[in-house]
Amino acid sequence: MNILKYVPILDTLKNYDKKDFRFDLIAALTVAVVALPQTMAYAMIAGVHPAYGLYAGIVLTILASSFGSSHQLATGPTNAISLLIAAYMAAYVGQDNFFGNLFLLTFLVGAIQFAMGVFRLGSLVNYVSHAVIVGFTAGAGIIIAMGQLNNLLGVKLPSGHLSSIDKVVACFQSLDQMNYVAFGIGLFTIAVILISKKINKNIPGALLGVILSVVLVMTMGLEKYGIKVVGEIPQAIPPLSMPNFSPTAVADLGAGALVIAIIGLVEAVSISKAIASKTLQKIDPNQEFIGQGIANMGGSFFSSIAGSGSFTRSAITFQNGGKTRLAGVLVGFIILLVLIFFAPYARYIPNASLAGVIMIVAYSMIDKKALVKVLKTNRNDAIVLLITMFTTIFAPELEQAIYAGVAISLILYLKDSGVASVKTLAPVRANDGRFVEQAINGQNPSISIFQLEGNLYFGSSADLERKLSDGYSDSKVFMIRFKGISVIDITALEVIEAFINRAHGDNKKVILSGVTPKILKMLDKMHIVEHIGKENIFMEDDEVFATSGKALDEASSFVRKVSYSNQEGYVHT
C-alpha cells in the first residue's frame, strides 16, 4: 500500500524542491493577509462569532492542502457555504445545543464528501451545471448583502428568525434608529477597499480597511457611540469541540449537509480545474473530495464552521507564485501565529467594518461577465440561471434553489434529447461510379437511407417513430444506418422493428448498415437478426463508408432483381 498516494503532503515533502519554498512562503503570506478579514466576515454571514471563521481558516486550510489534489486550492470559509450554514442553523439559534449542532453539520458535510471520494463519485458534480452555479452565486450575493444591511446601518433587528427580505424591510422601518457612526465606519471600509484596488490590486484593501477601523475605534473611543464590535476572541488556538451526534440531530441536519457538501465540492473542483488549466496539473476529483471531507470532518473537532475552496484565495496563491500544497499549509500556520499574538486587538473590530467587507464580497459574487455570457448564449441555460437566482432570493430554503436549478436543467435536457436525429437520404451514382448521397427533396428514389445519429432512447422513440413514418415511401429498399448512434435502448429498437415489419408487409427490403457488435447483440436478443436475415446486416467497418458501400451494392442488386421481375411479369401478361 502506497501511503504517499493517500497523503499527498508526504509525497510533496519527500520530493520538495527547496527553491520552491520562497515562492510558497510569499504566496502564503499574501493569502493570509486576505484570509484574516475574509474568514471573520464569512463567520458573520454564517451567523456565528468571527473567531469560528478564523479557526476554520486555520484547520481546514491545513488539512485540505495536505490531503487534496490541487497544489493551489485554498480551503476555508466561503460566502456561499456560510450562507447555507446560516440557513440550516437558523432553527437552533438561542438553543443550548447550537454549537454542538453547528459542529455536527461541519462533520456531516465532511463525511459525505469523504464517502463520495472513497466511492469515486467525483463525476457527480458534473450534474450541477455552470448556469446553476452562476445563478446560485449571484442570488447568494444579493442575499448576503441584504443580510448585512443591518450591521452596515447599525440597526438592531427584532428577535427571532427573519428572512433576508424581512431583514431589509425591518432596516427601512428602523431608519430613524440608524447609527451614523457605524454607517460611517462601514462606508470608510468600503472606500478603503475600492481605493486600494484602484491604486494597486496587490494592496490588501480589506485588511487595511479593518485595521484602520480598529485604529479609529481605539483612538477615538467610538464604542461610546453605540457601535458594535467583535469583542473578545475566546481562545487564540482553535479549541477542541464535540459535535452533537444524537440520531435526531443527524436526521435533521442530514439533508442540509448533503446540499452544502455538493455545493462545496462543485466549488472546490471547478476552482481546482480552472487553475490547473494554467498550471497543467492533473486534478483527481476523487482525491479532492477526500481532502475536502477530511478537512471538514477534522475541523468539526476544532470549533470550525464548514468550508470549501475559495476562488479569491486560490487565485492569489497562483498569482503570487505558489508552487506546491505547502503554501496552503503555511497559510494556516501564519493565521494561527497572527491570532496568538494579535488576538487582543481583534476585539475592537467594528461589525460595521466587517459588514463593509462583506458588501464588497457580495458584489463580487455576481459574476457580471458570466451572467451576460449565459443569458446571451443559450436560451435553456438562461432559463436555468434566472430560475436558480430568483429561487435563491425568494425561496424559504436555500437548497430549494439548487434542487430547482438541477431539476430545470434535467427537464430542458430531456426535452432537447427527446428529438431523434434522423436524416433521410437517397444514393445517386456519380460519374466515376461511386455512390453520392443527397437529401430527398420530393423525389421517390428506389433506395431510401435513414441515417440515425446521437442517442436513441425511450424519450426520443416517439419522434423517431414519426420521422421513420414520414420518410416511408414507395422505395423498394430502405437502408437504416446505425453508424452515428452513440446509445440505443430497447424502446427505440422496437420502433425500428415495427418499421421493418411494415416494410416487409409491403414486400420491401430493409438493410441495416454500420451495425456495431453491441447493437448486433441487442438485435439478436430481440430476434430482429433472425427476422431480417444475416445477409441484410452489414457490420461497422474500420474504413470510412466501407459498410455503406457494401449495403448500397446489396440494395442496388435487389432493385435490379425487382425491376427485372416486374418487366418479366409485364411481358408474360
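Residues numbered from 1 in each chain as written. Predicted model: local features only at pLDDT ≥ 70, side-chain atom pairs only at ≥ 80, totals over all residues. Heavy atoms only, no water.

Caption draft 1: Inspection of the overall build of the protein chain at higher detail. When you go through the protein chain residue by residue, the secondary structure sums to 23 helices and 8 strands. Based on the C-alpha atoms only, the size of the protein chain along its principal axes is roughly 120 × 60 × 55 Å. Residues classed as buried in the protein chain amount to 53% of the 573 residues present. Surface summary for the protein chain: the accessible area is close to 27,400 Å², and the carbon and sulfur share equals 61%. For the protein chain, the distance from the average position of its 44 positive side-chain charges to the average position of its 39 negative side-chain charges is 9 Å. (Helix = DSSP H or I, 4+ residues; strand = E, 2+ residues; numbered from the N terminus. Buried < 20%, exposed > 50% of the residue type's maximum accessible area, 1.4 Å probe, protein only. Areas by Shrake-Rupley, 256 points an atom, 1.4 Å probe, with all protein chains shown as cover. Lys, Arg positive; Asp, Glu negative; His and termini not counted. Charge placed at Lys NZ, Arg CZ, Asp CG, Glu CD.)

Caption draft 2: Quick look at helix α20 (residues 490–505). Between the first and last C-alpha of α20 there are 22 Å, a value that for 16 residues agrees with the 22 Å anticipated at 1.5 Å per step. For α20, every residue scored as buried is listed here: A492, L493, V495, I496, F499, I500 and A503. Down the axis of α20, the buried set is contained in an arc of 155°. They therefore lie on one face. Those residues of α20 that are buried lie in contact with β5 (447–456), α19 (461–470), β6 (477–488), β7 (509–515), α21 (517–525) and α22 (528–532). With a side-chain oxygen positioned 3.3 Å from the backbone nitrogen of T491, the residue opening α20 is D489. N507 sits one or two positions beyond α20 and adopts a positive phi of about 60°. (Expected span 1.5 Å × (residues − 1). Arc of directions from axis to C-beta. Contact = heavy atoms within 4.5 Å. Polar contact = N/O pair within 3.5 Å; in protein donor to acceptor, adjacent residues only side chain to side chain.)

Caption draft 3: A look at the environment of A362. Relative to the helices and strands, A362 is located in helix α15 (residues 351–365). A residue is classified by how much of its surface remains accessible, and A362, at 2% relative accessible area, is buried. With 224 residues separating them in the primary sequence, A362 and A138 have C-alpha atoms 8.4 Å apart. Beyond its immediate chain neighbours, meaning those up to four positions away, A362 contacts G141, I144 and A145.

Caption draft 4: Representation of the packing of helix α6 (residues 98–118) against helix α11 (residues 247–279) within the structure. Between α6 and α11, whose axes approach to 8 Å, the crossing angle comes to 55°. Judged on the interaxial angle alone, α11 and α6 are oblique. The hand of the α6/α11 crossing is right-handed. In this structure, α6 contributes N101, L104, L105, L108, V109, I112, Q113 and M116 to the contact, and α11 contributes A249, V250, L253, G254, G256, A257, L258, I260, A261, G264 and L265. Residues that form the contact of α6 with α11 fall into these classes: 14 nonpolar, 5 polar and no charged. (Axes fitted to C-alpha atoms, helices over the stretch in contact; angles between N-to-C directions. Parallel < 35°, antiparallel > 145°, perpendicular 65-115°, else oblique. Left-handed = near helix turned anticlockwise from the far one by under 90°. Nonpolar A, V, L, I, M, F, W, Y, C, P; charged D, E, K, R; others polar.)

Caption draft 5: Layout of a positive patch on the surface. There is a patch of like positive charges on the surface, built from K197, K201, K368 and K369. With respect to the helices and strands, the residue K197 is situated in helix α9 (residues 180–199). (Patch = residues over 30% accessible without salt bridge, like charges linked within 9 Å, V, L, I, M, F, W, Y side chains within 5 Å. Salt bridge = Lys/Arg side-chain N within 4 Å of Asp/Glu carboxyl O.)

Caption draft 6: Summary view of the pattern of salt bridges. A full pass over the atoms with the stated rule returns 4 salt bridges. We note a salt bridge from K423 to E453, for which the minimum N-O separation is 3.7 Å. Note that K423 is positioned in strand β3 (residues 421–429) and E453 in strand β5, a separation of 30 residues in sequence. Here E453 falls in the partly exposed class, since its relative accessible area comes to 22%.

Caption draft 7: Broad picture of a nonpolar patch on the surface. Together, M218, I237, L337, I340, F341, F342 and Y345 give the surface a local cluster of nonpolar side chains, amounting to about 730 Å² of exposed area. A per-element tally of the nonpolar patch places helix α14 (residues 326–346) first, with 5 residues. Relative to the helices and strands, I237 resides in the loop between α10 (205–220) and α11.

Caption draft 8: A look at the packing of aromatic side chains. A full pass over the atoms with the stated rule returns 14 aromatic pairs. Centroid distance Y457 to F458: 5.0 Å. Interplanar angle 80°. Geometry classified as edge-to-face. Put simply, the rings of Y52, Y55, F98, F99 and F103 touch in pairs and so form one group of aromatic residues. Over the ring of F23 we find K323; its NZ or CZ atom is 5.1 Å from the centre of that ring. Positioned over the ring face of Y472 is R502, at 3.7 Å from the centre of the ring. (Phe/Tyr/Trp six-rings, centres within 6.5 Å; stacked < 30°, edge-to-face > 60°. Lys NZ or Arg CZ within 6 Å of the ring centre and 35° of its normal.)

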